[in-house]
Amino acid sequence: MKPVMTPALPGFDAEFRDLDHYIRAITDRIWEGRRIDDIRRYYSAGCAVESPASVSLGSQAVIAGTLATLAAFPDRRLLAEDVIVSGDAIGGYLSSHRIFSPMTHAGPGAFGPPTGRPVFARTVADCVCIDNRIVHEWLVRDQAAIARQIGLHERDLAQRWLDERGGWHKPSMPAAPAPYRSFIDGDPLAQAYADAYQQRWLGGRTQAQPQALDALLADAVICALPGGEMACGRAAVAGFWAGLLQALQPQSWQVEHLVANHRPGRATAVAMRWRAQATHAGDGRYGPASGRTVEVLGISHAEFEAGRLLREWLLIDDVATWMQVLQARG
């Protein structure tokens, strides 16, 4: 009698070795292979997708968004930089998938008439995966990087989208379906990273352990920032945060997902999805202070070696923030 083999990924097709393999394979089929109909196979009919500026419901909305993106950027590719995984068959899996996309702005669409310019931008998609399907997703794309590379200021793109949509309208994101439970890793390195972010946003109002973000940074830290920018070294990273928090006075900050993946022979990878409420109370990054309350949905990936943060990818959507700021003035 043959022994019963436990599937590597319970509830998923036997071809998938693990969650990393599943996400890379289906992304390759849908995007690189242009098998758009596979979205119906790998997304649930009721899948909700939240971005910083929108919430959509259903796999048909995912198909429509994919086709619209391909109309504007026909050669767009989704190249996986990393997949940081968490969860299990009992509480649901989550993949935090960092993607680098080279593309050409060759068609009309949300970014206006085609410019023919090459574009490079990052996206992180946090996908809840249950029974061979993506059933819930949070997605943050660096829209400001796209805007800048086609010759627009992110403020002007934000105003265009506000005009087209009739203002800022973002419905509430429904809860993820059972049995999914948000994963908050107790790993000390992951907790130190989250505590450092909380202190960065909330300063003295947090009860977190006194672990400043600066203390985690390696001297040669490299950080990918919104707008396609890069910060190299502690001073440059501190300068970015000083500018952001000069413009946005934090009201609250919370971590929604946190996991560390320890990989033998490689850097430890940490993924964190977080959400902040802040008042646009200072001049600078988002223009003259408007007094508007804005929400910032962010996803951060980091790599640690010897306990120090050596590389970081900070994904927030500056176009969505500008939309909230400009809505107040309108």
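Caption draft 1: Quick look at helix 1 (residues 19-32). Relative to the 20 Å expected for 14 residues at 1.5 Å per residue, helix 1 spans 19 Å between its end C-alpha atoms, a close match to the ideal helical length. Counting buried positions along helix 1 yields 10 of 14 residues, so the element is predominantly enclosed. Taken as a whole, helix 1 has its buried residues at Leu19, His21, Tyr22, Ile23, Ala25, Ile26, Thr27, Arg29, Ile30 and Trp31. N-cap assignment for helix 1: the residue whose side-chain oxygen lies 3.3 Å from the backbone N of Asp20 is Asp18. Arg34 occupies a position one or two residues after helix 1 and carries a positive phi of about 55°.

Caption draft 2: The environment of Asn132, seen in detail. On the secondary structure map, Asn132 appears in the loop between strand 5 (118-130) and strand 6 (133-141). The class of Asn132 is buried, set by a relative accessible area of 8%. Each C-alpha atom of the pair Asn132 and Ile99 lies 21 Å from the other, and the pair is 33 residues apart in sequence. Setting aside residues up to four positions removed in sequence, Asn132 forms contacts with Gly11, Phe12, Asp13, Phe16, Tyr22, Arg41 and Tyr42. Looking at Asn132, its side chain comes within polar contact range of the main-chain nitrogen of Asp13, at 3.0 Å.

Caption draft 3: Quick peek at the confidence of the model for the chain. Here the chain averages 93 in pLDDT, and 94% of its residues register 70 or above. Across residues 1-6, confidence stays below pLDDT 50; counting only partners more than four residues off in sequence or on other chains, it has zero contacts.

Caption draft 4: Here's a closer look at the pattern of salt bridges. Taken as a whole and assessed by the stated rule, the structure comprises 23 salt bridges. Two residues, Arg273 and Glu256, come together in a salt bridge whose shortest N-O distance is 3.0 Å. One end of the pair, Arg273, is in strand 10 (residues 268-280); the other, Glu256, is in strand 9 (residues 248-261), and 17 residues separate them in sequence. You'll find Arg273 and Glu256 in the same group, each marked buried. Taking the shortest distance from any N to any O, the salt bridge between Arg311 and Glu305 comes out at 3.2 Å. Judged by relative accessible area, which is 39%, Glu305 ranks as partly exposed. What emerges from the salt-bridge pattern is a single network uniting Glu50, Asp126, Lys170, Glu256, Arg273, Arg275 and Glu295.

Caption draft 5: Geometry of the sheet that holds strand 2 (residues 54-57). If you trace the six strands from one edge of the open sheet to the other, you get 2-1-6-5-4-3, paired in mixed fashion. The open sheet terminates on both sides in strands that have one partner only, identified here as strand 2 and strand 3 (79-88). On average, each strand axis in the sheet is inclined to that of its neighbour by 15°, with strand direction left out of account. Two strands pair when backbone bridges link them, and strand 1 (residues 43-51) and strand 6 are joined in this way by four bridges, in the parallel orientation. Its bridge partner lying in strand 6, Tyr43 is registered against Ile134. This element, helix 1, spans strand 1, strand 3, strand 4 (92-104), strand 5 and strand 6 of the sheet and lies at about 135° to strand 3. Lying over the sheet, helix 3 (residues 59-72) contacts strand 1, strand 2 and strand 4, oriented at roughly 60° with respect to strand 1.

Calculation notes
- Residues numbered from 1 in each chain as written.
- Predicted model: local features only at pLDDT ≥ 70, side-chain atom pairs only at ≥ 80, totals over all residues.
- Heavy atoms only, no water.
- Helix = DSSP H or I, 4+ residues; strand = E, 2+ residues; numbered from the N terminus.
- Expected span 1.5 Å × (residues − 1).
- Buried < 20%, exposed > 50% of the residue type's maximum accessible area, 1.4 Å probe, protein only.
- Polar contact = N/O pair within 3.5 Å; in protein donor to acceptor, adjacent residues only side chain to side chain.
- Contact = heavy atoms within 4.5 Å.
- pLDDT = per-residue confidence, 0-100.
- Salt bridge = Lys/Arg side-chain N within 4 Å of Asp/Glu carboxyl O.
- Pairing = 2+ DSSP bridges.
- Axes fitted to C-alpha atoms, helices over the stretch in contact; angles between N-to-C directions.

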